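# Working through the structure, step by step
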Amino acid sequence: MASDTSRRRSWRHKLSFLLRLNKEHRQRPAYESNEKLATTAESISNSPCYTTKTIATSIPSTKLPAECRKEIISMVFGQHTSTPQEFHIHKDVLCFWSDYYRTAAGAFTSEPSSITSSLPNESAYIFGVFEIFCYTNELTDKHGISRINLGFDTLCALWIFGSRYSAPALQNAVMTNILVKSDTENVIPCRMLNYVYENTMRGSPLRAFFVDRMAFSNGVKEYVLNNEERWTKEILRDLLVTVSGLGKEEKDRNDLPRGRYGCYYHIHNEGERCGSAAPIGKAT
Ligand SMILES: [Zn+2]
């Protein structure tokens, strides 16, 4: 049996590994835009999307293989607070949905079946929604609030969590819900813009959605004139580049083109798409 000293050294090593891995993931561009393929009449199977190389599944409706449900690990949030929250989840389920956890799995193998990992910078609420998604393919929180009834703040935080932990299926499920929620409620959630830009990289599909949603709106002038403190140079540059590429008819349509639904803002491996069975908004 390992001594307390060697156990502490082992945990310091694991924590250091996870923090380094997390930092590398945050710095690495995760996907490339496939903008040049955009048309307004493509079918789902060949519609454009953002491409990446992922082992973790990128299709939200994918069912878990039975062999995933073996070793259980514990995830603790707020470990040093008065209200720590603990989750118990199958290690291979995490690996199935997340390339980050797949890479980090090496740090989880030398201990007994139940281990603890502290993720102090992440929200337990957001991880809780991710955990439910991992087992049900549905976006639902612990209170039963689901899909487009989740707030834009929760949906954006989930997408950013998926980006940090390389979980493209979560990102794609969330993106579909942001798109449908924005369309159904006829809302462009501009209040989320700064949060999105502060937590995503240039070329991110989440940034692209927000910019496109504004650019294809006939209210873009009012958006820019109001709440001036919101408009950073980076946001205005992206908006200007997008708006300058649109014709008058596109600016006046006040809706995203049909081709922007489906997998357009999704992240997939080259040639991979959600397919007609997936709940992907207007294109279905
Ligand atoms: Zn897709």
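Residues numbered from 1 in each chain as written. Predicted model: local features only at pLDDT ≥ 70, side-chain atom pairs only at ≥ 80, totals over all residues.

The protein chain goes by BTB domain-containing protein in an unreviewed UniProt entry, where it is assigned to Aureobasidium subglaciale.

### Quick notes on the overall build of the protein chain
Heads up, the condition is: Secondary structure elements follow DSSP: runs of H or I of four or more residues count as helices, runs of E of two or more count as strands, with numbering from the N terminus. By the criterion used throughout, residues are in contact when their C-beta atoms, derived from the backbone, lie within 7 Å.
The helix and strand inventory of the protein chain stands at eleven helices and five strands. Partitioning the contacts of the protein chain with sequence separation of at least 6, the portion at a separation of at least 24 is 69%.

### Describing the nonpolar core
Where we set the bar: As used throughout, a nonpolar core is a set of buried Ala, Val, Leu, Ile, Met, Phe, Trp, Tyr and Cys residues joined through C-beta atoms within 7 Å of each other. Each residue is classified by how many other C-beta atoms fall within 10 Å of its C-beta atom, where C-beta atoms are placed from the backbone; a count of 20 or more means buried, 12 or fewer means exposed, and values in between mean partly exposed.
Of all hydrophobic cores here, the largest spans 53 residues; its most connected members are Trp97, Leu155, Leu158, Trp159, Leu170 and Val174. For this core, the secondary-structure elements that each account for two or more residues are α2 (91-97), α3 (99-104), α4 (124-136), α5 (152-164), α6 (168-184), α7 (193-198), α8 (205-215) and α10 (233-244). If one sorts the elements of this core by residue count, α5 sits on top with eight residues. Those residues in contact with Trp97, other than ones at most four positions away along the chain, are Ala56, Thr57, Cys134, Ala167, Ala169 and Leu170.

### Structural notes on unusual backbone geometry
Within the chain, Arg147 stands out as a residue other than glycine whose phi angle is a positive 45°. One can find Arg147 in the loop between α4 and α5. You can call Arg147 partly exposed: it has 16 C-beta atoms within 10 Å. The backbone phi angle of Asn186 is positive, close to 50°, even though this residue is not glycine. Of note, Asn186 is situated in the loop between α6 and α7.

### Brief notes about α6
The line we're drawing: Expected span of a helix: the number of residues minus one, times 1.5 Å.
In this model, α6 (17 residues) spans 24 Å end to end at C-alpha, consistent with the 24 Å of a helix rising 1.5 Å per residue. Within α6, twelve of the 17 residues are buried, leaving the element largely enclosed by the surrounding structure. Of the positions making up α6, those classed as buried are Pro168, Ala169, Leu170, Gln171, Asn172, Ala173, Val174, Met175, Thr176, Asn177, Ile178 and Leu179. Where α6 is buried, its residues meet α2, α4, α5, α8 and β5 (267-268). Asn186 sits one or two positions beyond α6 and adopts a positive phi of about 50°.

### As for the environment of Gly271
Of note, Gly271 is situated in the segment after β5. Between the alpha carbons of Gly271 and Thr51 there is a distance of 8.6 Å; along the sequence they are 220 residues apart.

### Notes on the pairing of strand β2 (residues 72-77)
This is how the line gets drawn: Two strands form a pair only when DSSP identifies at least two bridges running between them.
Alternating positions in β2 separate cleanly, Ile73, Met75 and Phe77 being buried on one face and Ile72, Ser74 and Val76 remaining unburied on the opposite face. Of the strand pairs in this sheet, β2 and strand β3 (residues 85-90) are connected by six bridges, and their pairing is antiparallel. Each residue of the ladder has a partner; that of Ile73, found in β3, is Ile89.

### Quick word on the confidence of the model for the protein chain
To be explicit about the condition: pLDDT is defined as a per-residue confidence score from the predictor, taking values between 0 and 100.
Taken as a whole, the protein chain shows an average pLDDT of 80; of its residues, 74% reach a score of 70 or greater. Residue range residues 34-43 is modelled with pLDDT below 50. Its contacts to residues more than four positions away, or to other chains, number 14 contacts. Below a pLDDT of 50 lies the segment residues 276-284, which in the model reaches 23 contacts outside its immediate sequence neighbourhood of four places, other chains included.

### Digging into the packing of α5 against α6
Our working definition: Lines are fitted to the C-alpha atoms to define the axes, a helix being fitted only along its stretch in contact, and any angle between axes, read from their N-to-C directions, falls within 0 to 180 degrees. Angular relationships are summarised with four words: roughly parallel below 35 degrees, roughly antiparallel beyond 145, roughly perpendicular across 65 to 115, and oblique for the angles in between. Working rule for handedness: look at the near helix, and if it is turned counterclockwise from the far one by less than a right angle, call the crossing left-handed; if clockwise, right-handed. Note on residue classes: Ala, Val, Leu, Ile, Met, Phe, Trp, Tyr, Cys and Pro are nonpolar, Asp, Glu, Lys and Arg are charged, and everything else, Gly too, is polar.
With their axes 8 Å apart at the nearest point, α5 and α6 run at an angle of 155° to one another. Relative to α6, α5 is oriented roughly antiparallel. Judged by the sense of rotation from one axis to the other, the crossing of α5 with α6 is left-handed. Only Pro168, Leu170, Gln171, Val174, Met175, Asn177, Ile178 and Lys181 of α6 make contact with α5, whose side of the interface consists of Phe152, Leu155, Leu158, Trp159, Gly162 and Ser163. Of the residues in the contact of α5 with α6, the class split is nine nonpolar, four polar and one charged.

### Things to note about the packing of α4 against α5
For the pair α4 and α5, the least separation of the axes is 10 Å and the interaxial angle reads 75°. Classed by the angle they form, the pair α4 and α5 counts as roughly perpendicular. Contact residues: α4 offers Ile126, Val129 and Phe130, while α5 offers Ala157, Leu158 and Phe161. Per-class residue counts for the contact of α4 with α5 are six nonpolar, no polar and no charged.

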